[in-house]
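Chain residues, written in single-letter form:
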Amino acid sequence: LSESGKKNPDFLDVEGVGSVVRAINSPSEEKQDSSSLKLDSDVAEEYTQLKPYAGMPKEVLLLYSSQARYRIPREIMFWLTVACTLALVALTITVIALSPRCLSWWQVSPVYQIYPRSFRDSDGDGVGDIKGIQEQLDHFEYLNIKSVWISPFYRSPMKDFGYDVEDFLAIDPLFGTMKDFEELLAEMHNKGLKLIMDFIPNHTSDQHRWFNLSRMRDPHYEDYYVWTDCNETGPRPNNWVTVFGNSSWTYDEVRGQCYLHQFLKEQPDLNLRNPQVRQEMIDIIHFWLGKGVDGFRMDSVKFILEAAHLRDEPQVDPNKSPESVTSEWDLHHDYTTSQLGLHDLLRDWRAEMDIYSREPGKYRFMVTQSYDYHEVDKTMMYYGTSLVKESDFPFNFYLMDLPQNTSGLWVQHLVHLWMANMPKGQWPNWLVGSHDKPRIASIAGQNYIRVINMLLLTLPGTPTTYYGEEIGMENINSASRDPQRSPMQWSGNMNGDFNNKTNVTWLPVHPDYKSVNVEVQKKDEGSVLAQYRFLNTLRQSELPLHRGWFCYIHADANVFSYLRELDGLDQAFLMVLNFGKESAITDLSSFPELPDQLKVLMSTNHVNNGKVLQKSHILTEAGEGLVIQYSTHTRFNPNHTKQCYVSEKACYVGAMDILYKC
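A quick note: this is a predicted structure, and the numbers were derived from the prediction, not measured. (Residues numbered from 1 in each chain as written. Predicted model: local features only at pLDDT ≥ 70, side-chain atom pairs only at ≥ 80, totals over all residues. Heavy atoms only, no water.)

1. Comments concerning the overall build of the protein
No. 1: When helices and strands are counted, the protein shows 21 helices and 24 strands.
No. 2: Over its C-alpha atoms, taken along the principal directions, the protein stretches across nearly 130 × 75 × 55 Å.
No. 3: Within the span of the protein, comprising 662 residues, buried residues form 53% of the whole.
No. 4: Restricting to contacts in the protein with at least 6 residues of sequence separation, those with at least 24 account for 67%.
No. 5: Split by element, the accessible area of the protein, about 29,400 Å² in all, is 54% carbon and sulfur.
No. 6: If the 62 positive side-chain charges of the protein are averaged to one point and the 86 negative ones to another, these points end up 4 Å apart. (Helix = DSSP H or I, 4+ residues; strand = E, 2+ residues; numbered from the N terminus. Buried < 20%, exposed > 50% of the residue type's maximum accessible area, 1.4 Å probe, protein only. Contact = heavy atoms within 4.5 Å. Areas by Shrake-Rupley, 256 points an atom, 1.4 Å probe, with all protein chains shown as cover. Lys, Arg positive; Asp, Glu negative; His and termini not counted. Charge placed at Lys NZ, Arg CZ, Asp CG, Glu CD.)

Okay, structure coming up:
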C-alpha cells in the first residue's frame with residue numbers, strides 16, 4: 001500500500017480513503033482466493049487516482065460524491081432549483097389572481113341581427129332562408145363579426161312573421177329544414193361564429209297544439225293559457241289592451257271563455273304561473289342548447305306574467321271615458337307588465353343555460369328584450385343582482401331616439417341615461433335599429449349613418465347591428481310595418497343579388513340597390529362598409545376601446561366628445577362626433593391631459609384622415625366623426641371620476657405586456 005501511496009502522494013489525504021485501505025488490508029480479505037485478491041488489488045490501484053474519471057465504478061463515484069467540494073455545490077443547485085420553482089408557482093398564482101377575466105365572445109364582437117326572410121334567398125321563392133344565410137357567412141368574416149342573432153324561424157302561420165309560434169321544436173318549411181339548420185350551425189362554428197336565436201316565452205300561435213288542446217279543456221292543457229269567463233256579446237273581463245290597440249281579450253266559442261293576448265288575437269298568452277308550462281319552456285331551452293345554439297334573445301319578457309286578480313288598469317287620463325280606452329298609451333300597465341315573479345322565471349332559465357356553459361369556450365349567452373321607455377330602472381333589473389345572475393345584458397333601445405334631437409347634448413343624454421343607471425360592474429350595449437323600428441339612415445338621414453356607426457363601435461360595451469346598417473340601407477316605401485325589412489342589398493345585379501334565380505322578392509328591393517350594396521362598397525375605402533369594418537377591427541384590437549375607461553369630454557349643440565383610455569397604457573383615443581346640422585369648432589384646450597397637437601386616425605370624411613389638429617381648434621362638419629389616437633403619460637380618469645365609467649378596472653404593464661386588476 002505504501003508503494004501505491006508513492007504513486008499518488010495525495011491519495012492518503014483524500015477523505016474516506018482510510019476505510020478503503022482498511023477494507024483492502026482486513027483479515028477477511030486475506031482469506032479470499034487468489035483471483036479475488038488480484039481483483040481487490042486492481043480496485044485499490046484505481047483508488048489511487050486523485051480525480052473522478054469517466055467510467056468509474058459505483059464505489060469510486062460514491063467515494064467522491066460524499067466529499068464537501070462535490071456535495072455542497074450539488075446541494076446549492078438543488079435548493080436553488082426548488083426556490084426557482086416555488087417562485088414561478090407563486091408568480092403564476094399571483095398573475096392569475098390579479099388578472100382580469102378574459103372577455104367573452106359576446107363582449108368582443110358586435111351582435112349582427114339577421115331577419116331571415118330578407119337576408120338571402122337560396123331557392124328562388126322570394127323569401128330568405130337558412131341556406132341563404134349559410135351562403136353569406138363570409139360576410140361576417142369580412143366584417144370581423146363573431147356573433148349572429150337570427151330572428152324567428154320556428155314553424156309558424158306567419159301572422160306576426162314568426163313570432164306566432166306553432167311548434168317551438170321545428171323549422172318552418174319556408175326557411176328550410178332542421179337538417180339545413182344543423183348544417184348552418186356546424187358551418188358557423190367551423191368559422192368561429194356564434195348563433196343566437198329568439199326565444200318567445202310569452203305566447204304561441206293559436207294554431208299551436210297546446211292551444212287547441214286547451215280550448216278543448218284537455219285535463220293536462222286546460223290551464224296552459226290565461227282564460228276567464230265572459231260571453232261573446234258582453235263586455236270584456238277588464239280594460240286591458242294589446243300593444244297594437246283594442247282589447248286584450250278574445251272570446252273562444254269552442255271553450256266558451258275569453259283568452260288573453262297582449263299582441264295579436266292569433267297570439268294567445270301562455271299561463272307561466274302553471275308549473276307545467278314553465279317546464280315546457282325549460283324543455284325548449286334544453287332542446288336548442290343541446291343542438292349547440294350559443295344563446296337566446298328572450299323576447300317581450302316584461303309581458304310574460306299578468307296579475308291574477310285581472311283588475312282594470314288605471315287610466316293615464318282619469319277623465320277619459322272607459323269606452324274610448326283603446327291604445328296601450330291610455331293605461332298605466334301596472335297589472336300586465338313587470339309582475340312579481342318575472343325575474344324568478346328569468347333566473348331559472350339562466351340557471352338552465354349555465355348548465356351548458358360549463359364546458360370551456362361554450363358559454364351560453366342570454367339577452368332580454370323589454371321596452372321600458374322612461375322606466376329605465378325596470379330595464380336595469382334584468383342584469384340581475386350581485387348574487388343571482390339574469391341576462392348578460394338587457395337590450396338598450398334608448399339610442400333609437402337619436403333622431404328626435406340632432407345635437408351633441410342629446411346624444412350625451414341618451415348615453416348617460418344608460419351609463420348612470422347601469423349597475424356597477426355590468427356590461428353596456430347599444431343599438432339604433434331593429435326589425436320593429438324604422439331604419440336609422442332613413443330617420444336620421446344618410447349623412448349621419450357613418451357617425452352613428454362610429455358612435456356604436458367606440459362606446460364601451462357591445463354594439464348590435466341590424467342587417468344593412470353596415471352599408472347604410474334605408475326604408476322602402478311601404479304602408480305596412482315592414483319598410484325596414486326589405487331584402488339585403490348584396491350587389492347591383494338583379495334583386496340586389498338577394499334572389500338571383502327568379503325575379504321575385506317578398507318585399508321590393510330598395511331602388512338605390514345599384515349604388516348602395518356590399519359589392520360596390522368593398523371597392524371604396526371611404527364607403528360606409530369600409531369604415532364600419534375598420535372601426536370594428538380597431539375596436540377589437542385596441543385595449544382602451546374594448547375594455548378601457550369611458551370618459552365624457554365635451555358636449556354642445558353640435559358635438560359629443562369622449563375618450564377611451566386604459567391605466568398604464570400610453571395610447572388613448574379621443575372621439576369628436578358632430579351630430580348637429582352645421583360645422584363646429586371644438587376647443588379642448590382646458591384639458592391638460594390632452595396633448596396640444598392631435599392626429600386624426602380616421603374621419604368619416606376620409607380626406608381628413610391623418611390630419612394634425614390643434615386641440616383648441618378641432619373642426620368637424622355636420623355628420624362628421626373623428627377618431628383621434630394620441631400618446632400621453634397623464635390619465636384623464638383620476639381627476640374626472642364623475643365623468644368616467646369602466647365595467648371592470650384593469651391596468652396594463654408594458655414591460656410584461658399583461659393586464660392586472662388594479
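There's more to say after this.
2. Things to note about the sheet that holds strand E7 (residues 249-252)
No. 1: One open sheet holds the three strands; their spatial order is E6-E8-E7, and the pairing between them is antiparallel. The two strands at the open ends of the sheet, each matched to only one other strand, are strand E6 (227-228) and E7.
No. 2: Direction of pairing for E7 relative to strand E8 (residues 257-260): antiparallel, over a ladder of four bridges. Along E8, the bridge assignment pairs threonine 250 with tyrosine 259. (Pairing = 2+ DSSP bridges.)

3. What to know about the nonpolar core
No. 1: Ranked by internal contacts, the top residues of the largest apolar core, which has 130 residues, are Phe181, Trp288, Trp349, Leu399, Val415, Leu455 and Phe560.
No. 2: The next biggest cluster of nonpolar side chains, apart from the first, holds 21 residues, and it includes Val576, Val600, Ile618 and Tyr630. (Core = buried A, V, L, I, M, F, W, Y, C linked by side-chain atoms within 4.5 Å.)

4. A word on the UniProt feature "domain: Glycosyl hydrolase family 13 catalytic" (unreviewed entry) in the protein
No. 1: Following the UniProt record, one finds the feature "domain: Glycosyl hydrolase family 13 catalytic" (unreviewed entry) at residues 113-510.
No. 2: Taken end to end, residues 113-510 is 25% helix and 12% strand, and its first and last C-alpha atoms sit 19 Å apart. (UniProt positions renumbered as here; feature names shortened; annotations may be inferred.)

5. Thoughts on the pattern of salt bridges
No. 1: Under the criterion given, the structure shown has 25 salt bridges.
No. 2: With a closest N to O distance of 3.2 Å, glutamate 141 and lysine 191 form a salt bridge. One end of the pair, glutamate 141, is in helix H10 (residues 137-143); the other, lysine 191, is in the loop between helix H11 (178-190) and strand E5 (194-199), with 50 residues separating them in the sequence.
No. 3: Between glutamate 390 and arginine 347 there is a salt bridge; the shortest N-O distance is 3.1 Å. Of this pair, glutamate 390 sits in the loop between helix H15 (376-380) and strand E11 (393-394) while arginine 347 sits in helix H14 (residues 342-355), and the two are 43 residues apart along the sequence.
No. 4: When its relative accessible area of 0% is taken as the criterion, glutamate 390 is described as buried.
No. 5: Through salt bridges with shared partners, a single network forms among Asp138, Glu141, Glu187 and Lys191. (Salt bridge = Lys/Arg side-chain N within 4 Å of Asp/Glu carboxyl O.)

6. Here we look at the environment of histidine 416
No. 1: Structurally, the position occupied by histidine 416 is in helix H16 (residues 408-421).
No. 2: When its relative accessible area of 31% is taken as the criterion, histidine 416 is described as partly exposed.
No. 3: For the pair histidine 416 and proline 152, spaced 264 residues apart in sequence, the C-alpha to C-alpha distance is 32 Å.
No. 4: Discounting chain neighbours no more than four positions away, the residues touching histidine 416 are Asn421, Tyr552 and Tyr645.
No. 5: Within polar-contact distance, the side chain of histidine 416 engages the side chain of tyrosine 552 at 3.1 Å.
No. 6: Polar side-chain contacts of histidine 416 include one of 3.5 Å to the side chain of tyrosine 645. (Polar contact = N/O pair within 3.5 Å; in protein donor to acceptor, adjacent residues only side chain to side chain.)

7. A word on the packing of aromatic side chains
No. 1: The tally for this structure, following the rule as stated, stands at 46 aromatic pairs.
No. 2: An aromatic cluster is built from Trp105, Trp106, Trp149, Trp329, Tyr363, Phe365, Tyr371, Tyr373, Phe393, Phe395 and Phe397, whose rings are joined through pairwise contacts.
No. 3: For the cation-ring pair, lysine 522 lies above tyrosine 142, with the distance from its terminal atom to the ring centre recorded as 4.5 Å. (Phe/Tyr/Trp six-rings, centres within 6.5 Å; stacked < 30°, edge-to-face > 60°. Lys NZ or Arg CZ within 6 Å of the ring centre and 35° of its normal.)

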